[in-house]
There are 4 protein chains.
Amino acid sequence: MVPRYSRPEMTAIWSPEARFRIWFEIEAHATEALAELGVVPKSAAKALWDWWATKPVIDVAAIDAIEAVTRHDVIAFLTWVAEQVGDEARFMHQGMTSSDVLDTCLAVQLARAADILIADLDQLLEILKRRAFEHKLTPTIGRSHGIHAEPVTFGLKLAEAYAEFKRNRARLVAARADIATCAISGAVGTFANIDPRVEAHVAEKLGLAIEPVSTQVIPRDRHAMFFATLGVIASSIERLATEIRHLQRTEVLEAEEYFSPGQKGSSAMPHKRNPVLTENLTGLARMVRSATIPAMENVALWHERDISHSSVERYIGPDATITLDFALARLSGVMDKLLVYPARMQKNLDRMGGLVHSQRVLLALTQAGVSREDSYRLVQRNAMKVWESDGALSLLELLKADPEVTAALSVEELEDKFDLGYHFQQVDTIFDRVFA
Amino acid sequence: MVPRYSRPEMTAIWSPEARFRIWFEIEAHATEALAELGVVPKSAAKALWDWWATKPVIDVAAIDAIEAVTRHDVIAFLTWVAEQVGDEARFMHQGMTSSDVLDTCLAVQLARAADILIADLDQLLEILKRRAFEHKLTPTIGRSHGIHAEPVTFGLKLAEAYAEFKRNRARLVAARADIATCAISGAVGTFANIDPRVEAHVAEKLGLAIEPVSTQVIPRDRHAMFFATLGVIASSIERLATEIRHLQRTEVLEAEEYFSPGQKGSSAMPHKRNPVLTENLTGLARMVRSATIPAMENVALWHERDISHSSVERYIGPDATITLDFALARLSGVMDKLLVYPARMQKNLDRMGGLVHSQRVLLALTQAGVSREDSYRLVQRNAMKVWESDGALSLLELLKADPEVTAALSVEELEDKFDLGYHFQQVDTIFDRVFA
Amino acid sequence: MVPRYSRPEMTAIWSPEARFRIWFEIEAHATEALAELGVVPKSAAKALWDWWATKPVIDVAAIDAIEAVTRHDVIAFLTWVAEQVGDEARFMHQGMTSSDVLDTCLAVQLARAADILIADLDQLLEILKRRAFEHKLTPTIGRSHGIHAEPVTFGLKLAEAYAEFKRNRARLVAARADIATCAISGAVGTFANIDPRVEAHVAEKLGLAIEPVSTQVIPRDRHAMFFATLGVIASSIERLATEIRHLQRTEVLEAEEYFSPGQKGSSAMPHKRNPVLTENLTGLARMVRSATIPAMENVALWHERDISHSSVERYIGPDATITLDFALARLSGVMDKLLVYPARMQKNLDRMGGLVHSQRVLLALTQAGVSREDSYRLVQRNAMKVWESDGALSLLELLKADPEVTAALSVEELEDKFDLGYHFQQVDTIFDRVFA
Amino acid sequence: MVPRYSRPEMTAIWSPEARFRIWFEIEAHATEALAELGVVPKSAAKALWDWWATKPVIDVAAIDAIEAVTRHDVIAFLTWVAEQVGDEARFMHQGMTSSDVLDTCLAVQLARAADILIADLDQLLEILKRRAFEHKLTPTIGRSHGIHAEPVTFGLKLAEAYAEFKRNRARLVAARADIATCAISGAVGTFANIDPRVEAHVAEKLGLAIEPVSTQVIPRDRHAMFFATLGVIASSIERLATEIRHLQRTEVLEAEEYFSPGQKGSSAMPHKRNPVLTENLTGLARMVRSATIPAMENVALWHERDISHSSVERYIGPDATITLDFALARLSGVMDKLLVYPARMQKNLDRMGGLVHSQRVLLALTQAGVSREDSYRLVQRNAMKVWESDGALSLLELLKADPEVTAALSVEELEDKFDLGYHFQQVDTIFDRVFA
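Residues numbered from 1 in each chain as written. Chains lettered and ligands numbered in written order. Predicted model: local features only at pLDDT ≥ 70, side-chain atom pairs only at ≥ 80, totals over all residues.

Visitor: Whenever I open this one, the overall build of chain A confuses me. Can you help?
Guide: A tally of regular secondary structure across chain A gives 19 helices and six strands. Its C-alpha atoms give chain A a radius of gyration of 30 Å, more than 25% over the compact-globule value 22 Å for 436 residues. Counting the 436 residues in chain A, one finds 62% classified as buried. (Helix = DSSP H or I, 4+ residues; strand = E, 2+ residues; numbered from the N terminus. Rg over C-alpha atoms; globule rule 2.2 N^0.38 Å. Buried ≥ 20, exposed ≤ 12 C-beta atoms within 10 Å, placed from the backbone.)

And the structure:
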């Protein structure tokens, strides 16, 4: 976890105190169920909840000190709770194994993290939608291979981003369901020493599904899918960030990250306004993505379990969720305040001397009966002159002067092919598809 | 693609001929829709389908030869088709861009690949289910950290694998839906030169959804999610393969890959029976997984598209699907014919002198009123003696001879704690959860 | 292996026939050494080499047919050779294990592949050097964050690429040494049944070092380092490819991939000249890089060996080397014929109204006694006006008109700070460092 | 950074204070050189060093507070230093750019980190050597595919690990050299505003090489190579850790991690001694390895630089080095105190009824004139009986009773082939190769 790339709400999920609180809830709910089943006295569950009602401070240092001796975190925690609650606490953890607590806790943490990330996505979606409608018909050049292609609108670019993050939201909801399971099944998952109804009770109280079959641990394919999904979301962040970085290039300058008055772009070149937020997002995307492979390598635990996944999850659990939360929030901020320059977009659109309309002419020639090969040749030879003039020549004028072209198309027909509005006739259709 | 790790049906999807056939279908369906809309003559569509009805051979070499000149694959293909079909073919591809064909084709290929993989999973699931019920109550030792823990059944191990691959099936169905979209939206996705109804028609004919908003290309977050899902499935294969490899170890030998009469394990050590199939699966899993990151790196294409994703997909499209198909089939074969040795499982279960029952004794002591700490100490001091004897001593006998223990538990109570059946009381419950 | 991204010389290394030829050489050299040591008759070695001298065709299909029965590739090969050579062949492979042949063969293949890659790098370096000197003093704008910074020369960009690939060459030479080892040490690496002098003899004949300690196999940390090194080289390719892609953008257009007369950029937009080669290189870089993690996962083989690495290497051995060879050759071609547009570079340099000289003014103000904070403020307020005018205003003129500035610097002093040559005074120094 | 997987010395390198101290040294050395060149007054450098001689506390919070306003870390730092040192500080950073400081600082940090890691490796190597000689002739079974193969010694296993980590040491030394470069070359690396002799001076003072050509930043192929090297080392750690985990399995139990008296293996099964340290190392290896791809993705910065690498390095710089340092130290501890059980090794060696000697018999038969195919058949038919008896039958006795075998080999000759010492005749040779 890098403090500068973290936000408090998400970070709090991963604090030792938060973890211990979830552990307690799991243990107390389980004791409650055990009491209901007559396995332990009802007074045991009551003692635990009574103590909890006092809103006790979790003494992390004390628990750590016990762990330094026992070298076992759950035993250390149970020992500390017993010190607080007294004799009744001995009924806690009956028939359970450490992983029942640890894995169910991780499920709670990841589910809570997913909830924050879903809210982040919702915020981003709302911003993207607002800005997409704002620029629904703002003309800008569409580029393939970095080369001017044909006109699009800036709103369409944002609609595409909206649709992509909407898909990501659906994926994250599915991934959340995948990891939100509860396992209280004992040492090797057989429920030999604990009734399955305890698991069902704890699951219900914590808002989790039951794990149909566990093997001391919750199977790690669930977590692999979760972190892979975060990696896909991060890649979408990289895509939108890359778009902004391109648009902010000196030669393009169609949009800019908001530049606050106190900000200095460079210690040496005071005029610079750098897209540092989106560059940063590009790097953060790499980091979130890098959790994918370790999470997949964690799946093949030995037999009923080994503990190799644990250290990996101590890193990627907090890092991937905290970083993604920060990145989504940063991206929302960037998109919310993005400075958009329609005049510059128009200027760029115009700079190629009308080459962006070449395909329409090509089609018109074909429809006028010229063979595809000939149409292509006619358009290409005029287009090349414009291209080589760096936009100083006009494609329309050259075409008007090409007798082979005018043999097929009249001047009026040619001029009609250079109408920008033509390209935007289906924008409503697309917006309906995306935002309906 | 490595021939020895490929099967014909999946490989065929990725052949040049199959690709060209899909291209033709896309073009012909599109021409049909264009004809319906009055954009091109109905005779154009008819000419295409009439030619198709002759079941023409696709001359891959001829198309490649044209591409060597034009350096553009779709133009080469269209040129070749025009040579076959004649003049009417000039109406083909009207208003479309190459990516309309390429990306929709890839969607068809990946959807077909997914269908094969889903069938592979179904076969594997059926086998796992059969073998799970076969060994539902075959006792075997459960191991955590590679160390004997408590009894499980071999059927439970297989039920776990079943549940995991069942999840993988659901993920793959979702991933298939994610990539099965059709884009026929023109040069920059605006439908400027092509009616969206053409896309809808082609999509319906090919069994795809429409892409709500495309940018010349279908967005690559879809493909990233698809390949990441294959990576998760591969990781589950690695898990089950690793389990078999462990079980086949000389010292464990609870199960073995089927060993055919003609097979030689080693050129030097004729007695060896090596788990080479599951070792191989471990390696194949690494390869399938390795497609994940490139697929994610493909997401951030520049502006409306660049072509950097294309070369990546030429590798991972075939490689990941063909390898996963082969791996799933190989795993099915391994599990189908797996030699299972219940006698050896029982022997291993017994070799630790009853230590696997220690937790039950621990719980019984606690329930008999001994403090958790004391119970732990009592069990541990006897357990350690058994451990150090390498199973020569019996935990039950030692406990019977320990007065602090017998002060709390009678001999009958102690003996009751060493009953194996006790551990399997919930096997039915778990099987119901998994297979119901 | 994707045929369109492969070249024949490198591909040939990985053909079955090439592999069998290396196997034979290993076996024959080993038999020779065994004969020298008196373990087998000298006639055995002679028989092998006599047959080899007839330049026999390797019948791959026949060997594969034998393997289909024995399910063991080396035994199949030995059987086939024995069929050809006759009775004397029974002394072959004495005391050896399959991996002695397989791993030493892989070492030979990777070393040969490395030799081709080193030659590729040498060619690329020569081209980069030539073009760097050609454009040693061609002014162009240096960009950080995609934003204009200060002037550099195009030759400096190429010198940087040269230095980077020079480092890559050194790394590859080291990686080649890392994998070029020979192991002929028997079933578990103890030389129990084979004299270490056999290994020494084969190693010398094949130009390999001896493996100091092997465990049936050559340790895979060597291969991991090799493939990781290829991944770093691929990343450098991506960097230079990305630079070209940026320079070819419509708005920048300072350089272009060579565009051959017959080439069509787009089926729809005939004017387009897309940087498709460098985009392709970006994708190929992702693929080469993706071999790194599987190669690292291969290191932790179980005990003296398991065979999980083998399938991975059947993919990444050919794929990573063939793809990198192709990519380096393609990059050489791109750089060799790159169209460079100095006039456009100058035009871009001038478009910001002199903002690129702002740091020099900043320094001059500081040196003239203005505080750093004030200097920054003075430059920034004028620079911002230029920036907002989109280069229509001139920084020099604004500064001349700013009394706070002219209080510190004379007009002559100001004009001197806008001299382009000033920035190139150390180009010779840098070229000396890089190319000396 | 996860506190429980970190050690103070390495962690200190990455503290904000340490970073600021290095920044100061770079700035002060640079000012010194500038003074020597007459660019700034000598009093400026003296003022800086005089203040430094007072051993000032670095007020991290104050610097952070300034950065919160300026949003630029180096400017914030320079401002704070200026507040402390006074007016002379305005000559600091003359002609430099932030990256001159940041990248040179990172080089110092990584070089220092590498020094610690090299020392870690030296410690590990010393331990491995000691234990290798201790067990140079301790017989144990060699295993391929997890199946018993032929005898090795435990010392040979450790010698292999020694050789592997020795290679890793050499790789790390090379990787250290790769990243230990100094760049003080100004805004776009042209030295336009700063004399290259400043760079040379700072480099010498900090023990770095000069960067031959930089582009505001030090090229990231260097860092990619560095982190890839750490990934290879981590993979070697995983290999040795996996070996220990295998050896500690209940059924194998040839070695164990040291088990301290206070330690509890499991909250439920008090008899368990789990290889938790080496399992943990397996997970840590995954994490170190996961830095490789992001580091490679960092190489392709845009033009003269973008800042996307920076956030990645804020994670992987500390995480990969701190985790690897911890892992190497943990591995040293494990190997130093590893409990080795020669008696159990012998027991395992004997459990297969002599099958491990089958290859020697095979060779003897061949040398006695039996064809290879027949020899194989003879050995295999007896070996299979032993195998199926689970080691109850003796291969030697069966062979003695097989008339086809005794027709070729006498009883004395057969018995000679079952001598364990035979396998260890080359142990000295191997030890000489590895440790000489």
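Visitor: Sorry if this is basic, but what is going on with the confidence of the model for chain A here?
Guide: Predicted coordinates in areas of low pLDDT are best not read in detail. Counting all residues, the mean pLDDT for chain A is 94, and 97% of those residues have values of 70 or more. Among the scores for the predicted complex, ipTM is 0.94 and pTM is 0.96. (pLDDT = per-residue confidence, 0-100.)

Visitor: Could you clarify how one ought to interpret unusual backbone geometry in this entry?
Guide: For residues other than glycine, phi is negative in most cases, and the peptide bonds are mostly trans. In this structure, Phe191 of chain B is a non-glycine residue whose phi angle is positive, near 60°. Take Phe191 of chain B: it is sitting in the loop between β3 (181-182) and α8 (196-206).

Visitor: What should I look at first to understand the interface of chain B and chain A in this one?
Guide: How big an interface is tends to be stated in terms of the accessible area lost upon association of its parts. Across the boundary between the two partners, chain B contributes 70 residues, which contact 70 residues of chain A. Counting residues per element, the ones that place at least two in the side of chain B that touches chain A are β1 (139-144), β2 (147-153), α7 (154-179), α9 (221-248), α11 (292-297), α14 (358-367) and α19 (427-435) of chain B. The biggest single contributor to the side of chain B that touches chain A is α9 of chain B, with 13 residues. (Contact = placed C-beta atoms within 7 Å.)

Visitor: Just to check I follow, could you spell out the pairing of strand β1 (residues 139-144) of chain D for this structure?
Guide: Residues in a regular strand point their side chains to alternate faces of the sheet. Residue and element names in this part refer to chain D. Of all six residues in β1, six are buried; the element is thus mostly enclosed. Looking at chain direction, β1 and strand β2 (residues 147-153) are connected through five bridges and run antiparallel. Along β2, the bridge assignment pairs Arg143 with His148. Hairpin connection of β1 to β2: two residues between the antiparallel strands, including His145 at a positive phi of 60°. (Pairing = 2+ DSSP bridges.)

Visitor: Please clarify how the interface of chain D and chain A should be interpreted in this entry.
Guide: Across the boundary between the two partners, chain D contributes 38 residues, which contact 38 residues of chain A. Of all the elements in the fold, those that place two or more residues in the side of chain D that touches chain A are α4 (60-70), α5 (73-85), α10 (276-289), α11 (292-297) and α12 (308-337) of chain D. Considering every element that reaches the side of chain D that touches chain A, the biggest residue donor is α10 of chain D, with eight residues. Residues that form the side of chain D that touches chain A fall into these classes: 16 nonpolar, 15 polar and seven charged. (Nonpolar A, V, L, I, M, F, W, Y, C, P; charged D, E, K, R; others polar.)

Visitor: What is the right way to look at the relation of the copies chain B and chain A in this model?
Guide: With an RMSD of 0.1 Å, chain B superimposes on chain A once it is rotated by 180° and translated 0.0 Å along the axis. The operation mapping one copy onto its partner corresponds to a two-fold rotation axis. Across chain B, the smallest distance between a C-alpha and the rotation axis is recorded for Ala228 of chain B, namely 3.1 Å. (Least-squares fit on C-alpha atoms with pLDDT ≥ 70 in both.)

Visitor: Looking at this structure, I do not really get α12 of chain D. What am I missing?
Guide: Residues spaced three or four apart along an α-helix point in a common direction, a consequence of the helix completing one turn every 3.6 residues. All names here are of chain D. End to end, α12 covers 44 Å across 30 residues, agreeing with the expected 44 Å (1.5 Å per residue, within 8%). A bend of about 30° at Arg314 is the largest found in α12, and the proline Pro318 appears one to four places after it. Among the 30 residues that make up α12, 22 are buried, leaving the element largely enclosed by the rest of the structure. (Expected span 1.5 Å × (residues − 1). Bend = angle between axes of the 7 residues up to and from the residue.)

Visitor: Looking at this structure, I do not really get the packing of helix α14 (residues 358-367) of chain A against helix α15 (residues 372-388) of chain A. What am I missing?
Guide: Any two packed helices are characterised by how steeply their axes cross, that is the angle between the axes, and by the distance between the axes. Residue and element names in this part refer to chain A. As a packed pair, α14 and α15 sit with axes 9 Å apart at the nearest point and diverge in direction by 145°. For the pair α14 and α15, the sense of crossing is right-handed. Contacts between α14 and α15 involve Ser358, Val361, Leu362, Leu365 and Thr366 from the former and Arg372, Ser375, Tyr376, Leu378, Val379 and Ala383 from the latter. Grouping the constituent residues of the contact of α14 with α15 by class yields seven nonpolar, three polar and one charged. (Axes fitted to C-alpha atoms, helices over the stretch in contact; angles between N-to-C directions. Left-handed = near helix turned anticlockwise from the far one by under 90°.)

Visitor: Teacher, can you tell me more about the domain arrangement of chain A here?
Guide: Domain boundaries assigned for chain A yield domain 1 (3-257 + 270-346) and domain 2 (355-417). Each of domain 1 of chain A and domain 2 of chain A was reduced to a C-alpha centroid, and the two centroids are 55 Å apart. (Domains from an automatic or database assignment.)

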